[in-house]
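These are the residues of each chain, in order.
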Amino acid sequence: MNKKKVDLQKNKFASSRSSKQKLKKSKRTESSKRWISRQLNDPYVKRAKAEGYRGRAAYKIMELDDKFKFLEPGSRVVDLGCAPGGWCQVVSERVNAQGNLKGKHTGQVIGVDLQEVEPIAGVQLYQLDFLSHDADAQIKNFLGGKASVVLSDMAAPSSGHKKTDHLRIMALCEAAAFFAFDVLELEGTFVAKVLAGGAEGELQKILKNRFRKVFNFKPPSSRSDSSEKFVVALGYRTYEKE
């Protein structure tokens, strides 16, 4: 093969690779633009900024509690995967963790995450892997007893593959549920985010064996195009139903 032909082939390959890179960059740019546009026009994002919450997710836990009434002054709550802290902010207010509600019991909030979280008033934050073998014992020690409520708004890093992401988040949810079995008091509550996709049936079966009532709920603040919903399990029995 002569040198001129080789050079032509190299240039053709380089041009093709460059076009693919530009296309990928263009797609990422368009995706970023859509995300930015959605954020700028999202009423919950605007409201969160105005009211001092760390993200729109704060309204999801508000709406969940408004419906199911599991956060009360004096409750002891563990929030798994708590970063950036929006849920902890709301929970701190509702369980009276700072003692601002005179004449009401003072609650306790433990926030746990793999990454460091900026301080939140009334919340004890720990950089901890809840899957570590002694995490349940550590958290019961932090609480000085068992928890009234265990929350999980965790999501595994997105792979871009819907089925894989669904299986990953369901594995996290099941791990969070078994963690809750170790730390919840009698009649306690477990709340977790799940993604609709077919594998959530096993989690439902596990929870129905350990709680009096299990509900699925999609809060109004959850985006309509999202497959997320929340499982709310009330009345922990501490033993498996026969």
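Chemist: Please explain the overall build of the chain as it appears in this structure.
Modeler: Of regular secondary structure, the chain possesses 7 helices and 7 strands. Shown N-terminal to C-terminal, the secondary structure of the chain runs as helices and strands in the order α-α-α-β-α-β-β-α-β-α-β-α-β-β. By residue count, 42% of the 242 residues in the chain fall in the buried class. Contacts in the chain between residues at least 24 apart in sequence constitute 65% of all its contacts with a sequence separation of at least 6.

Chemist: Please clarify how the state of the cysteines should be interpreted in this entry.
Modeler: A covalent bond between the sulfur atoms of two cysteines is what we call a disulfide. Per the stated rule, a full pass over the model turns up 0 disulfides. Free of any disulfide, Cys 88 has its nearest cysteine sulfur in Cys 82, 4.5 Å distant.

Chemist: I keep staring at unusual backbone geometry and nothing clicks. Help me out?
Modeler: Leave glycine aside and you will find that most residues have negative phi; peptide bonds, for their part, are mostly trans. Residue Ala 83 is joined to Pro 84 through a cis peptide bond whose omega torsion reads 0 degrees. One non-glycine residue, Asn 96, adopts positive backbone phi at about 60 degrees.

Chemist: How do you make sense of the side chain of Asp 136 when you look at a structure like this?
Modeler: As for its position among the elements, Asp 136 is in helix H5 (residues 135-143). Leaving out residues up to four positions away in the same chain, Asp 136 has contacts with Phe 179, Asp 182 and Val 183.

Chemist: Would you explain helix H3 (residues 57-68) in this entry?
Modeler: Side chains of residues three or four places apart in an α-helix project in the same direction, reflecting 3.6 residues per turn. The end-to-end C-alpha distance of H3, which contains 12 residues, comes to 17 Å, matching closely the 16 Å that a straight helix rising 1.5 Å per residue would cover. Taken residue by residue, H3 has Ala 58, Tyr 59, Lys 60, Ile 61, Met 62, Glu 63, Leu 64, Asp 65 and Phe 68 as its buried positions. Of the surrounding elements, those touching the buried residues of H3 are helix H2 (43-51), helix H4 (86-94), strand E4 (147-152), strand E5 (184-195), strand E6 (211-217) and strand E7 (228-236). Immediately downstream of H3, the backbone of Lys 69 shows phi near 55 degrees, a positive value.

Chemist: How should I be thinking about the sheet that holds E4 in this particular structure?
Modeler: What holds strands together in a sheet is hydrogen bonding between their backbones, with the strands either parallel or antiparallel. Sheet architecture is open: 7 strands sit in the order E3-E2-E1-E4-E5-E7-E6, paired in mixed fashion. In this open sheet, the two edge strands, each paired with only one partner strand, are strand E3 (123-127) and E6. Recorded for the sheet is a direction-independent mean angle of 15 degrees between the axes of neighbouring strands. As paired strands, strand E2 (residues 108-113) and E3 are joined by 5 bridges and run parallel to one another. Bridge pairing in E3 places Val 109 opposite Val 123.

Chemist: Mind showing me how you'd approach the environment of Lys 208 here?
Modeler: Mapped onto the elements, Lys 208 comes out in helix H7 (residues 200-210). Accessibility expressed as a relative area gives 45% for Lys 208, which makes it partly exposed. Distance from Lys 208 to Tyr 236, taken between C-alpha atoms, is 9.6 Å for residues 28 residues apart in sequence.

Chemist: So what exactly am I meant to see when it comes to the environment of Gly 188 here?
Modeler: Here Gly 188 lies in strand E5. Given the relative accessible area of 1%, Gly 188 is considered buried. If near-sequence neighbours (up to four positions away) are discounted, Gly 188 is found in contact with Ser 148, Phe 211, Ala 233, Leu 234, Gly 235 and Tyr 236.

Chemist: Would you mind showing me how to read the pattern of salt bridges here?
Modeler: Oppositely charged side chains are able to pair whenever their charged atoms sit close together. Under the criterion given, the structure shown has 11 salt bridges. Among the ionic pairs, Glu 202 bridges to Lys 205, the shortest N-O distance being 3.7 Å. One end of the pair, Glu 202, and the other, Lys 205, are both in helix H7, 3 residues apart, so they sit about a helical turn from each other. Looking at Glu 202, the relative accessible area reads 40%, which means it is partly exposed. Relative accessible area serves as the criterion here: at 53%, Lys 205 is assigned to the exposed category. Each of Lys 60, Asp 153, Lys 193 and Glu 228 takes part in one network of salt bridges that share partners.

Chemist: Can you walk me through H4 in this structure?
Modeler: The element H4 is largely enclosed, with a buried count of 7 among its 9 residues. Buried within H4 we find Gly 86, Trp 87, Cys 88, Gln 89, Val 90, Val 91 and Ser 92. Buried residues along H4 sit against H3, strand E1 (76-80), E2, E3, E4 and E7. At the C-terminal side of H4, Asn 96 shows a positive phi close to 60 degrees.

Chemist: Just checking my understanding: could you explain the pairing of E2 for this structure?
Modeler: Put simply, side chains in a regular strand alternate between the two faces of the sheet. Summarising burial for E2: 6 of the 6 residues are buried, a large majority. Alternating positions in E2 separate into two faces, Gln 108, Ile 110 and Val 112 on one and Val 109, Gly 111 and Asp 113 on the other, with burial throughout. Relative to E2, E1 is paired through 5 bridges, and the arrangement is parallel. Bridge assignment links Arg 76 to a residue of E2, and that residue is Gln 108.

What counts, and at which threshold
Residues numbered from 1 in each chain as written. Predicted model: local features only at pLDDT ≥ 70, side-chain atom pairs only at ≥ 80, totals over all residues. Heavy atoms only, no water. Helix = DSSP H or I, 4+ residues; strand = E, 2+ residues; numbered from the N terminus. Buried < 20%, exposed > 50% of the residue type's maximum accessible area, 1.4 Å probe, protein only. Contact = heavy atoms within 4.5 Å. Disulfide = S-S within 2.5 Å. Expected span 1.5 Å × (residues − 1). Pairing = 2+ DSSP bridges. Axes fitted to C-alpha atoms, helices over the stretch in contact; angles between N-to-C directions. Salt bridge = Lys/Arg side-chain N within 4 Å of Asp/Glu carboxyl O.

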